[in-house]
Each structure stands twice: as structure tokens, then as C-alpha cells.
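Spelled out from the first residue to the last, the chains are:
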Amino acid sequence: MSSKKLRNPIIAAGVALLFVLAFDAERALGHKEKHTPDQLKAFEEAFMEEVKTGDLLFHGDAATEKRLDVKLSNTGFACAMCHPFTSDTHPHEFPKFQEQINKFATLRDMINWCIEKPNEGEKIDPDGEAMKALETYIYWSNKGSRLDPGRH
Amino acid sequence: MSDLESLRREMDRTLRPAGERPDGSTMMTRRVFLHKSAIYGASAAACGLFPCISTIEMAFAQGGAAFTFAWLSDTHLYPKELNSRFVEKTVRAVKEIQAMSPPADFLIFGGDLAQLGDPVELRLGAELLSTLAIKKVFIPGEHDWYLDMGATYSKMFGESPWTFDHKGVRFIGLDTVSRARDFWTSRKMSDKERMGHMATLDGTLGGDWAAVGSDGLKYLNSKLSDWPKDKPVVIFTHNPLYEYYPPWNFWVRDWKQVHEIVRPYGNVTNIHGHTHQVLYNEIGKMRSIGMLATSWPWPYAPTGVPKLTRPMVRADPGDHFDGVGWAAHTMTSAARVNYEYKMWRKDIFATARDDSGTGDNRNQVLTPRIADRP
């Protein structure tokens, strides 16, 4: 390949980059602006709202189940009865092969297994609000745990 | 070293004269030696058989006859229409206790017969236990108590504390559950709401509810004062009489006073429920042994598991007969007490770190719950 043939595409790419930077600089760099304290507070509040909802579901709060239209247990059993402080839920170990399910599983898979088997409840939408809240509470409770995916 | 561990060591140094163990004449048996060696990682495969007997020796009254008693606790019964599994397991335990040969001299029911203190649940428990022909004695659990502050429970199963002497052993049953600080009146809670908070192990409103209480301590002191210091004493409690993990009330808040009272006595064994797991501890000259639940196993607490405990195996959550059961205690004429966990699956103790209820959690750091904080 001659040096002339190589030079033209490089020049073209350079011009295109300058074009993007010139016309889209505000959007491209927007995320680098400092967050305001109000923004950070709002993010934290949104997160903690999920934690609290998940905590209530995890502890068998009937009103929260009703609001989110889920039935996590039909035996009186709540998640927290086997997992106080979410102990032994081990979110930091997922994904992993989960022998009870006999497949490679995510935390959401395991949450649904616990709902269906020990709790004899009704499986929930894996992307639904209740699942997000349960997952958030479990992760928040284990925020000091060390990531160890795959460990049984 | 954690503050709790430092405190335990200091208590132990204060309460245990140099060279003494919980019973001055106690010699560890081979089975306990295996138990001890497992703590330090040696193989304990010999204990993998069902049932695994952990044997300890304690001084027995001269001329005492051999006898056995059974411990059953933490059945956590709901109305049977809601939860038949807990009924099934209670029935199984009762049948096995009834079939013991030689028969047990008595049954101690160690609390949490009901899940939410409902008279329906307590009546169901009484009905299931009524098929047992042997003597039965009861101490309350918090789940039996806080719907009506023990009114139904006490009427049906009698008041605590109590004491009786049996074949050379003084047995004392204490109430460790009825002294929660009042968090409900100012919040205008209904009885059911109060019960709900007290029935939540990791709840925050109940606080440090477990205690022997000043009246209980006085009672304990008076019942020991006329008992020879070298003769065996067994104290039954729902909660352990030492500090294991206060956030779940795996303790009594006045455990130090308890230890001061039992200090002069050389042969004191505390048998407790509430923790739903295999536990063993010694502080001063008192040993504490944790019993299984029939309902479900609790995980070991994030901190504070006594170093003398050989952890039970991780239970399979898909098998509701795993990690649960009852216990038989045999006092032999050869001056031994055998306590035998009757767990309903073949493995009781973990033989590998990854299968252990404590070793499995080496990367886990937990945060207390938040939604019920005041």
C-alpha cells in the first residue's frame, strides 16, 4: 500500500472527528460536568427508596406485596426468616452454578427459586419492580461483602 | 481481636480459676476430642454418621441412676391450614420422642411453640404435644409471648421460672423473653403489630429484649444457694446465657450477672433454644449448648460464633427436613451426660470449610436492616 493511499483515509477520519467535537461537544462532555448536591441527594433517595421497598418485601410486608401485586409466600414464611440481615443470600457469589436449580444462575433466578420452593409463593417478573427492589435490598445489605462470583 | 472476644476472655479469666473447666471433675471424651480437633481444622469424619453424639462428662450425684430427657423447641407453629410443614415436623419429633427406648423421663419444651402467639397456634401445639405420655415442662419463647403478653401461654403451659430435682440433678427453667422495653405504647401499636416486630429476628424495634431480669436473677441465686456446689445443675433458657450476637438477641442482656451467680458452682450446664443451630460455648465454669429447631435453621450470626462451636453443615433450603430436629440428653450412671442432636438428615457437622455454616461466609459483610428503624 502506497503512503498516499494511506494518508487520505487518515485525513478523512481526522476531519470527521473534528466535526463531531465541534458540533456535539456539549452532549459528548455533558456527563463530565460535576454533579450538584441536589442531584446526588436525588440519586441516593431513589436508591434508598428501593432498598426500603425491598426490605419490606423481604420481611413479608403484606401492604407492599399488595401494592406491587406479588405473592411472595403462601406459607407464612418470609425471606428474612431464613436470611436475617440477608445473611446467606450471597449476592456477591452470583452468577454461579446453583445446584438446587441445576443451572448456571443469577441472583434473580435464585430469588425466584426461593419464592417458588421454600416459600411456595408465586414467581415474580424477573425485570419487574418487586424483583428490582428485592435485589437492591440484598445488594445494599451486602455492600461490604467482597465480590467472589462463581463460588459455591 | 474483637471487643466481644476480649470481653469474653476477660470474663473467662475472672470466672474460671486457673486450670479449671466447667466441671472440675470433667474429662473430655474421645468424641469431644474430635469435636475440639475439628475447630482447628483436623478431620472429624468419625462424627459424620447419624446420629452424631457429642459426649461430655460431668460429675453425677453419687448413686444417681441413669436417665434421659428430651429437648424440643422452636416449632413456630402457624395455624395448620397456613403451614402444614411445621406441623409435620413437630408430629415427627413427638413420635420419635414417644418411641425413645428407654423412654425419656421428661420433655423440656424450650419455647417458640407458636409463631405469632395466636391462641390457635398455641392450642395446636398443645394438641400435638398431648400425645406424649411423659412429664412435660415448658419455658416461653418470644413468639409465644407478645401477642397478649404471655396471658394465653401462661394459662396453658404454666408460669416460669421453676425448679425441680431429678435423680441428683437440679433443673431450673428460666423465662428470658418477657422483659422487652416498651416500644409499642408510645407508637400506639396494636397487639398484632407488637407481635410482628418481636417475631422478626433482625428487627430493630424490639431492641435488647432478652434478659433473665432482676427477679429472675434473684430466683436463680435462691435456687442455687441450698444446692451443693459440686452437684450438677442444668439451666434451661430460650436464649443463650452468654453474649453471642445481640442484634438477634442471641444472648441475654444480663449475662454477666448470671455468670457471677453461677460462679461458685462447678457443674453448670445451660441448654438453650432460639438460635436454631448447633452451638457450644464455655465461659467460666458454665457450658452452654444450643439446640436445633424443628421449624427451620438460622444462619450463624455474622460475628460472635463461639470458637468452641463446631459448626453444623449448611442446610439445603430445598429440603425442609434438613438442618432441623430435636435432641436427647442421657445422664448415665457412669457419670456422663450425652447430648445427641437428632437432626433429620445424615450430616450434622460440617467436615469441609465450604460446607460449613460459618466457613462458607468468609466474604460476607452484612448491614442491619433499615425499613423498621425509628
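Calculation rules
- Residues numbered from 1 in each chain as written.
- Chains lettered and ligands numbered in written order.
- Predicted model: local features only at pLDDT ≥ 70, side-chain atom pairs only at ≥ 80, totals over all residues.
- Helix = DSSP H or I, 4+ residues; strand = E, 2+ residues; numbered from the N terminus.
- Buried ≥ 20, exposed ≤ 12 C-beta atoms within 10 Å, placed from the backbone.
- Contact = placed C-beta atoms within 7 Å.
- Axes fitted to C-alpha atoms, helices over the stretch in contact; angles between N-to-C directions.
- Parallel < 35°, antiparallel > 145°, perpendicular 65-115°, else oblique.
- Left-handed = near helix turned anticlockwise from the far one by under 90°.
- Nonpolar A, V, L, I, M, F, W, Y, C, P; charged D, E, K, R; others polar.
- Pairing = 2+ DSSP bridges.
- Expected span 1.5 Å × (residues − 1).
- Arc of directions from axis to C-beta.
- Right-handed = clockwise from strand over helix to strand, strands pointing away.

Caption draft 1: Representation of the overall build of chain A in the model. On a plain count of helices and strands, chain A comes out with 6 helices and 2 strands. Among the 152 residues that make up chain A, the fraction classed as buried is 33%. For chain A, restricting intrachain contacts to residue pairs at least 6 apart in sequence, the fraction spanning at least 24 positions comes to 58%.

Caption draft 2: Structural view of the overall build of chain B. A count of helical and extended segments in chain B gives 9 helices and 12 strands. Counting over 374 residues, chain B shows a buried share of 49%. Across chain B, contacts joining residues at least 24 apart in sequence account for 76% of those joining residues at least 6 apart.

Caption draft 3: Highlighting unusual backbone geometry. In this model, Phe94 of chain A is joined to Pro95 of chain A through a cis peptide bond whose omega is 0°. When you line up the elements, Pro95 of chain A lands in the loop between helix H4 (79-82) and strand E1 (96-98). In this chain, Ser101 of chain B is followed by Pro102 of chain B through a cis amide linkage whose omega measures 0°. Positive phi, normally seen in glycine, also occurs at His90 of chain A, with a value near 50°. By the element assignment, His90 of chain A lies in the loop between H4 and E1.

Caption draft 4: A look at the packing of helix H8 (residues 213-225) of chain B against helix H9 (residues 255-262) of chain B. Residues and elements named next belong to chain B. Between H8 and H9, whose axes approach to 10 Å, the crossing angle comes to 10°. By the criterion of interaxial angle, the relationship of H8 to H9 is roughly parallel. As for the relative orientation of H8 and H9, their crossing is right-handed in sense. Taking contact as the criterion, the partners of Leu217, Leu220, Asn221 and Leu224 in H8 are, on H9, Gln257, Val258 and Ile261. Partitioning the contact of H8 with H9 into residue classes produces 5 nonpolar, 2 polar and no charged.

Caption draft 5: Region of interest: the sheet that holds strand E10 (residues 286-290) of chain B. Residue and element names in this part refer to chain B. One open sheet holds the 6 strands; their spatial order is E5-E6-E7-E8-E10-E9, and the pairing between them is mixed. Either end of the sheet is taken by a strand with one partner, and the two such strands are strand E5 (162-166) and strand E9 (279-283). Neighbour-to-neighbour, the strand axes of this sheet turn through a mean angle of 20°, independent of strand direction. Bridge analysis of strand E8 (residues 268-272) against E10 gives 5 bridges, and the strand direction is parallel. Among the inter-strand pairings, Asn270 is bridged to a residue of E10, identified as Ser288.

Caption draft 6: Region of the structure containing the packing of helix H2 (residues 37-58) of chain A against helix H6 (residues 129-141) of chain A. All names here are of chain A. At a minimum axis separation of 7 Å, H2 and H6 run at an interaxial angle of 95°. Classified by the angle between their axes, H2 and H6 sit roughly perpendicular to one another. Residues Glu50, Val51, Thr53, Gly54, Asp55, Leu57 and Phe58 of H2 pack against Ala130, Lys132, Ala133, Leu134, Thr136, Tyr137 and Trp140 of H6.

Caption draft 7: View of the pairing of strand E4 (residues 135-138) of chain B. Inspection of the sheet shows strand E3 (residues 106-109) of chain B paired to E4 of chain B by 4 bridges, in the parallel sense. Within E4 of chain B, the residue paired with Phe109 of chain B across the bridge is Phe138 of chain B.

Caption draft 8: Layout of the interface of chain B and chain A. On the side of chain A, 30 residues touch chain B, which itself brings 25 residues to the contact. The residue makeup of the side of chain B that touches chain A, split by class, is 14 nonpolar, 7 polar and 4 charged.

Caption draft 9: How the structure looks around the environment of Arg362 of chain B. Residues and elements named next belong to chain B. The residue Arg362 is located in the segment after strand E12 (336-343) in this model. Judged by C-beta crowding, with 13 C-beta atoms within 10 Å, Arg362 ranks as partly exposed. The spatial distance from the C-alpha of Arg362 to the C-alpha of Pro302 is 9.5 Å, given a sequence separation of 60 residues.

Caption draft 10: Representation of H6 of chain A in the model. Look at H6 of chain A: 18 Å from first C-alpha to last across 13 residues, which is about the 18 Å you get at 1.5 Å a residue. On its buried side, H6 of chain A packs onto H2 and helix H5 (107-116) of chain A.

Caption draft 11: Molecular detail of helix H3 (residues 84-98) of chain B. Residue and element names in this part refer to chain B. The terminal C-alpha atoms of H3 lie 21 Å apart, and with 15 residues this matches the ideal 21 Å at 1.5 Å per residue to within 8%. For H3, the set of buried residues is Phe86, Val87, Lys89, Thr90, Ala93, Val94 and Ile97. For H3, the angular spread of the buried residues around the axis is 165°, confining them to a single face.

Caption draft 12: Quick look at the environment of Val365 of chain B. Mapped onto the secondary structure, Val365 of chain B falls in the segment after E12. With 175 residues separating them in the primary sequence, Val365 of chain B and Ser190 of chain B have C-alpha atoms 35 Å apart. Apart from residues lying up to four places away in sequence, Val365 of chain B is in contact with Gly144 and Ser145 of chain A.

Caption draft 13: The pairing of E3 of chain B, seen in detail. Residues and elements named next belong to chain B. Bridge analysis of strand E2 (residues 67-72) against E3 gives 4 bridges, and the strand direction is parallel. Along E3, the bridge assignment pairs Phe69 with Phe106. Read as a crossover between parallel neighbours, the route from E2 over H3 to E3 is right-handed. Read as a crossover between parallel neighbours, the route from E3 over helix H4 (residues 119-129) to E4 is right-handed.

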